[in-house]
Amino acid sequence: MNRLQTPLFKYLALGSLCLTSLTAISGSLLDDQGILDEAGRQTVKEIVALPISELSAISTDSGSVYFMSENGRYIISGVMLDTWSRKELTSIGDIKQSIQNANVQSFRLAESDRSNIIFGEGDKTAYLFVDPYCESCHELVKEAQNINGYKFVVVVVPALGPNSDKASREIYCEKDHAKKLAGYLDGNARGSDTSCDFQGYEKTLISAHMLNLKGVPYVVGMDGQLLPGKPANLLKYLQEHES
């Protein structure tokens, strides 16, 4: 797997992104998925960034779950909500399931996003996160082209640096999926829509950021299982993770 060189949100048009801006964009993404309507709309009054880089879940013998910062200074007691699965995480099992799986239904809402390259036919959908200049990503996409019975949603993200961001934006600005795919594989993507805005592209970056994408390629099967890297046999992997 090719490791992420720059945090994906750094490529947002907002440039130097503060926590408030990132939260606003994430809120927009959740709004598209209808989550805010369920939770009830409230105005954010203030945001304070906590000095926490990692958060661990701790289960006690009584069944209680607490969340602790990496240095042990902060212990959080309360409800954790997975905004993608739209459920409270009340046990260690719930938390493990949330970490290891993506809510495929949430991804389906973004299938028509022009950031994506879509090909194949079938009632089974797999998601491939790739970078324009990732060799193993190209191999994965070519392998997918030879698999029948699946629809593939190829999500292009700039994992390998500024040149990848430029190429990803060119792919985004091409409306035709066949041309998107050809431009991705031959490295000569040229967006035909010169008037395109990048709102959808930025939401794609936020989606990948919320997935905690650490590198490419990245595969999400029908059951939502997350696989970093290229599987030895893509068809076999998809068949093993259909439900």
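Refer to the structure presented above.
Cut-offs used in this document
- Residues numbered from 1 in each chain as written.
- Predicted model: local features only at pLDDT ≥ 70, side-chain atom pairs only at ≥ 80, totals over all residues.
- Heavy atoms only, no water.
- Disulfide = S-S within 2.5 Å.
- Buried < 20%, exposed > 50% of the residue type's maximum accessible area, 1.4 Å probe, protein only.
- Helix = DSSP H or I, 4+ residues; strand = E, 2+ residues; numbered from the N terminus.
- Axes fitted to C-alpha atoms, helices over the stretch in contact; angles between N-to-C directions.
- Parallel < 35°, antiparallel > 145°, perpendicular 65-115°, else oblique.
- Left-handed = near helix turned anticlockwise from the far one by under 90°.
- Contact = heavy atoms within 4.5 Å.
- Core = buried A, V, L, I, M, F, W, Y, C linked by side-chain atoms within 4.5 Å.

J.: Whenever I open this one, the state of the cysteines confuses me. Can you help?
T.: Two cysteines whose sulfur atoms are joined by a covalent bond form what is called a disulfide. Applying the stated rule across the entire model yields two disulfides. Each sulfur of the disulfide joining Cys134 and Cys137 lies 2.3 Å from the other. Here the S-S torsion is close to 80°, and the disulfide linking Cys134 with Cys137 is therefore right-handed. The two residues Cys134 and Cys137 agree in class, both being buried. Between the sulfur of Cys173 and that of Cys196 lies a disulfide, 1.9 Å long from S to S. In this pair, Cys173 is assigned in the loop between helix H6 (162-172) and helix H7 (177-186) and Cys196 in the loop between H7 and helix H8 (199-210), connecting sequence segments 23 residues apart. Here Cys173 matches Cys196 in class, with each residue buried. Shown here for the protein chain is a disulfide pattern of 1-2, 3-4, where each number marks a bonded cysteine counted in sequence order.

J.: Please explain the packing of H6 against H8 as it appears in this structure.
T.: Packed helix pairs are specified by the crossing angle of their axes together with the interaxial distance, meaning the distance between the axes. Two elements in contact, H6 and H8, have axes separated by 10 Å at closest approach and are oriented at 125°. As summarised for this structure, H6 and H8 are arranged oblique, according to the angle between their axes. For H6 against H8, the interelement crossing comes out right-handed. In contact with Asp165, Ser168, Arg169 and Tyr172 of H6, H8 contributes Gln199, Gly200 and Tyr201.

J.: In this structure, what is going on with the nonpolar core? I would like to understand it.
T.: Most often, soluble globular proteins keep nonpolar side chains buried together rather than apart. Among the nonpolar cores identified, the biggest contains 38 residues, and Phe129 and Phe152 are the most heavily contacted of them. At six residues, strand S9 (residues 150-156) tops the list of elements feeding residues into this core. When sequence neighbours within four positions are dropped, the list of residues in contact with Phe152 reads Ile117, Ile118, Phe119, Ala126, Leu128, Ala144, Ile147, Leu234 and Leu238. With five residues, the next largest nonpolar core counts Tyr172, Cys196, Tyr201 and Leu205 among its residues.

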